[in-house]
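Commentary on secondary and tertiary structure
The residues making up each chain are set out below.
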Amino acid sequence: MKLIFFLLLYASCFSSCTSRLSPKDTEIKALSDSLKVRCNDRIMQTDSLRIEAENFMAHTQPGTPEYFLARQYYINSYFNEKNFPRVLEMLDETERMPGYKDLPATQANYLYTRSRCYQFMQQYDKAIAISRQIMDLVPTPGDTLAHEGIRTRAVGAMNNVNNIFYFTNRTDQGAEWFHRLRTNPPALLDECCRRDMMIFEGYLRGLAGQKERAEAVMDSAHALPVYRKTAENTFRDCSFAASVYYALPHRKDDMERLLKHAISEGRKDRYIPGINWAMSLLGNIYSRQNRFQEAVQLQYQGLEIGLRLQDSVFCARCYHELSNLYYKWGMYPQAQYYIDKVFAWQENTNTNLKDKGAYHLTKWSIVQKLPGYRREERLKLLATADSCFLLSEIKQTAQTHFYKAIDRIMILPYESAKGLEDIERYYGSNTPTASDYNVEALRAIALFRLGRDAEARKTILAIKKYNSTDSYHFLDTLMSHYIHREDNAVIAHLTRLREPLLQVYLEQKTREAVVEADIRYQTEQKEKENRLLSAEVELKSSRLQTFIFTGLFLLAIGVGIGGWLWMRLRLKEREKLFSQQQLHEQSQRLQQLIASRQELNNRNEELLRQLVDIQATHDKTCDLEHVMESLQPCLLTNREEEQFRTAFASLYPTVLHSLRSICPRITRTEELFCMLIVLKQNNEEISRTLGITRSSVLKNRYRLRTKLGLPEGCDLDSEVRALLLPE
């Protein structure tokens, strides 16, 4: 309820903000949106709400709608703590602030908070008076948002007034209050709330027992158009109308239709308070029409809602209705099972006193039918129920007095005098009706046992009819007494009272037996289904275990294979790394070998030049030609050539094989020439490495081009590399 209250407050107050926002207004809107998010997310902790409100107030100008909105949130933080005196004090301060009287929508919100405080403080007359002030507010002409905000608050105030009259058991006064309101309504209520006023009046008149007038008012209300249709309003209108038609047998079809529609509306989108009560009312209809299965199924649907919402009060009420259903059909063990569920659920929540009293009365009714309960335990249940009703200021203690009288007169005859006192208390707290003839029969039994035969006889003869099958055994007790007295007049009168009930009583017992047999059959079927389900679950569990073990085994195999593959991959990576290192070393050795050969060739050439110079100057001194020829041998020895070929084969293992495949007639020198081309050696470097002249290099290039079948003009180096090196 607090969540709805805050959301309505936000919608009605903040709606007056303008659409064009300055930077300051943008900051204010962001702060307000933050509070709205807290409401939507159900973050309603007092501290966080107060901090957000204080921050909001610090950024707003006093006297503006935004400031009063922020202050409203700040006051609500104390309302959440139930610090109602502090809330009233702050409301008084607010009403004295400048600008407050100029904002009717803001006044509606603050007055609504004040009325709720008075209601929680049980100052009901003040709460009603403040609610009336809300209804008298007049919105600013042309301000549609303020108009809607005041209307919403006025409808909420009417609902609070209705609840006050209901819970204080002043339904007749409440009906007249709403009648006077709609007879002379304020302008706003006359414009858009006439249907609401008639709905509340008709509902309270129905509770006050004014059946015909309540029906007429409710029919007139439903003939009026709906001002603003919502799920909450539809639920309220349908359920209130159904409660009025509940006491009218000729409207039973309308009542059932309205209740079904109310419940369907109540289950839309979110939970609407009161749906449990509507389900209870529809369950009573099913029960009266002997539609036992539908009644039970309806309460199970309510339990699903309560469990989904984790609402302990809702679940306890559903279990209570189930207990009442099974009690009515004579299945007392099942009724006891569900009433025990009720007591287990109410331990986890703050159950209101009215419900708590009803739960104890129901348990007393059940334990009366079951063995094993001592009289002290039964009386304790009645005393607890009586205390709950008295503390809640609800005049329902008459029922507990009647139950006490039954307990004393029928079970302990020597306490019949106290039983008569309980009957007098019953009449003192309840207006006698036609259904009180069973109380008169109980009074006659007590008078007879106390020896007051004349009063007992007079009381019996005054009973004109008897329509309580639950107290049928009262007549049996009186009949057995007067058969021994041979009082034929009383016996004949009791016989006439019993005759119309006998057939109903027998039908009820037969129906209870049929229902019990049906329940036993369904229970057996459920047990069979449960056994089948258990077997199916075990089979699925076995299959699941098999799948799990198989999966684990396959997973282990997969992990093993994956590990093996990973190890092989690591090994290959290591081998590849080792090969790359070896190739790098071979490449370095090859380059070093080529470099050393080229350096040696350079020294030889230098020596040759020196010898040529010497020979030119000493032409006849010595024979240097032989010396010069000895300095021009092949620079690569056989051993060095083999080392060179081995190192090259390590770097390029397929080159020589490809070369020999392309040109089988190639010589070893030409092979060396191709190997140096592959190593990207130019003509100068090749001549120095092989120890030949540049002209010899060019000749070798020509012969090699011819043997390889390459056209003239092509780049020999590129073609050789393209033929010999893999892509």
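Before reading further, recall that the structure is shown in the block above.
Predicted model only: the values in this text are computed from it and were never measured.

As for the overall build of the protein chain
- Each helix and strand in the protein chain was counted, giving 33 helices and zero strands.
- Taken over 727 residues, the protein chain has a buried fraction of 44%.
- Nonlocal contacts in the protein chain, meaning residues at least 24 apart in sequence, comprise 63% of its contacts between residues at least 6 apart.
- Counting only carbon and sulfur atoms, one obtains 53% of the accessible surface of the protein chain, whose full area is about 39500 Å².

Remarks on the environment of Phe474
- Within the secondary structure, Phe474 is located in helix H25 (residues 472–485).
- When its relative accessible area of 0% is taken as the criterion, Phe474 is described as buried.
- Spatially, the C-alpha atom of Phe474 lies 6.4 Å from that of Ala441, the residues being 33 residues apart in sequence.

With respect to the packing of aromatic side chains
- Within this structure, the stated rule accounts for 20 aromatic pairs.
- Between Phe79 and Phe120, the aromatic rings sit 5.8 Å apart at their centres with planes inclined by 70 degrees, giving edge-to-face as the arrangement. Taken together, the residues span a long stretch of sequence, with Phe79 in helix H4 (residues 65–80) and Phe120 in helix H6 (residues 104–120) at a distance of 41 residues.
- Taken together, the ring pairs in this structure connect Phe165, Trp177, Phe178, Phe200, Tyr203 and Phe240 into an aromatic cluster.
- A cation over a ring is seen here: Arg153 above Tyr112, with NZ or CZ 4.5 Å from the ring centre.
- The ring of Phe343 has Lys363 sitting right over it, with the charged end atom 4.8 Å from the ring centre.

A short note on the state of the cysteines
- According to the stated counting rule, one finds zero disulfides in the structure shown.
- Considering cysteine sulfurs only, Cys663 is the nearest to Cys674, which forms no disulfide, with 8.3 Å between them.
- Residue class for Cys674 comes out buried when judged on its relative accessible area of 1%.

Brief notes about the packing of helix H16 (residues 292–309) against helix H17 (residues 312–328)
- For the pair H16 and H17, the least separation of the axes is 8 Å and the interaxial angle reads 165 degrees. The angle between H16 and H17 places the two elements in the roughly antiparallel class. Crossing of H16 over H17 shows left-handed handedness. Taking contact as the criterion, the partners of Phe292, Ala295, Val296, Gln299, Tyr300, Gly302, Leu303, Ile305, Gly306 and Leu307 in H16 are, on H17, Phe314, Cys315, Cys318, Tyr319, Glu321, Leu322, Leu325 and Tyr326.
- Counted by class, the contact of H16 with H17 contains 14 nonpolar, three polar and one charged residues.

Brief notes about the packing of helix H15 (residues 275–288) against H16
- It is the contact of H15 with H16, at a shortest axis distance of 8 Å, that shows an interaxial angle of 165 degrees. In terms of orientation, H15 lies roughly antiparallel with respect to H16. Remark: the crossing between H15 and H16 carries left-handed chirality. Contact residues: H15 offers Ile275, Met279, Ser280, Leu282, Gly283, Tyr286 and Ser287, while H16 offers Glu294, Ala295, Leu298, Gln299, Gln301, Gly302 and Ile305.
- The class makeup of the residues in the contact of H15 with H16 is seven nonpolar, six polar and one charged.

Digging into the side chain of Ser243
- Considering the arrangement of structural elements, one finds Ser243 in helix H13 (residues 231–245).
- Residue Ser243 is classed as buried on the basis of its relative accessible area, which comes to 18%.
- At 2.6 Å, the side chain of Ser243 forms a polar contact with the backbone oxygen of Phe240.
- Among residues more than four places away in sequence, those in contact with Ser243 are Tyr203, Trp277 and Leu281.

Quick notes on the pattern of salt bridges
- For the structure on display, the rule yields 32 salt bridges.
- With a closest N to O distance of 3.1 Å, Glu256 and Lys260 form a salt bridge. Of the two residues, Glu256 and Lys260 are both situated in helix H14 (residues 252–266); the distance of four residues between them amounts to about one turn of the helix.
- Connected through salt bridges with shared partners, the residues Glu176, Arg182, Glu201, Arg205 and Arg213 form a single ionic network.

Conventions we followed
- Residues numbered from 1 in each chain as written.
- Predicted model: local features only at pLDDT ≥ 70, side-chain atom pairs only at ≥ 80, totals over all residues.
- Heavy atoms only, no water.
- Helix = DSSP H or I, 4+ residues; strand = E, 2+ residues; numbered from the N terminus.
- Buried < 20%, exposed > 50% of the residue type's maximum accessible area, 1.4 Å probe, protein only.
- Contact = heavy atoms within 4.5 Å.
- Areas by Shrake-Rupley, 256 points an atom, 1.4 Å probe, with all protein chains shown as cover.
- Phe/Tyr/Trp six-rings, centres within 6.5 Å; stacked < 30°, edge-to-face > 60°.
- Lys NZ or Arg CZ within 6 Å of the ring centre and 35° of its normal.
- Disulfide = S-S within 2.5 Å.
- Axes fitted to C-alpha atoms, helices over the stretch in contact; angles between N-to-C directions.
- Parallel < 35°, antiparallel > 145°, perpendicular 65-115°, else oblique.
- Left-handed = near helix turned anticlockwise from the far one by under 90°.
- Nonpolar A, V, L, I, M, F, W, Y, C, P; charged D, E, K, R; others polar.
- Polar contact = N/O pair within 3.5 Å; in protein donor to acceptor, adjacent residues only side chain to side chain.
- Salt bridge = Lys/Arg side-chain N within 4 Å of Asp/Glu carboxyl O.

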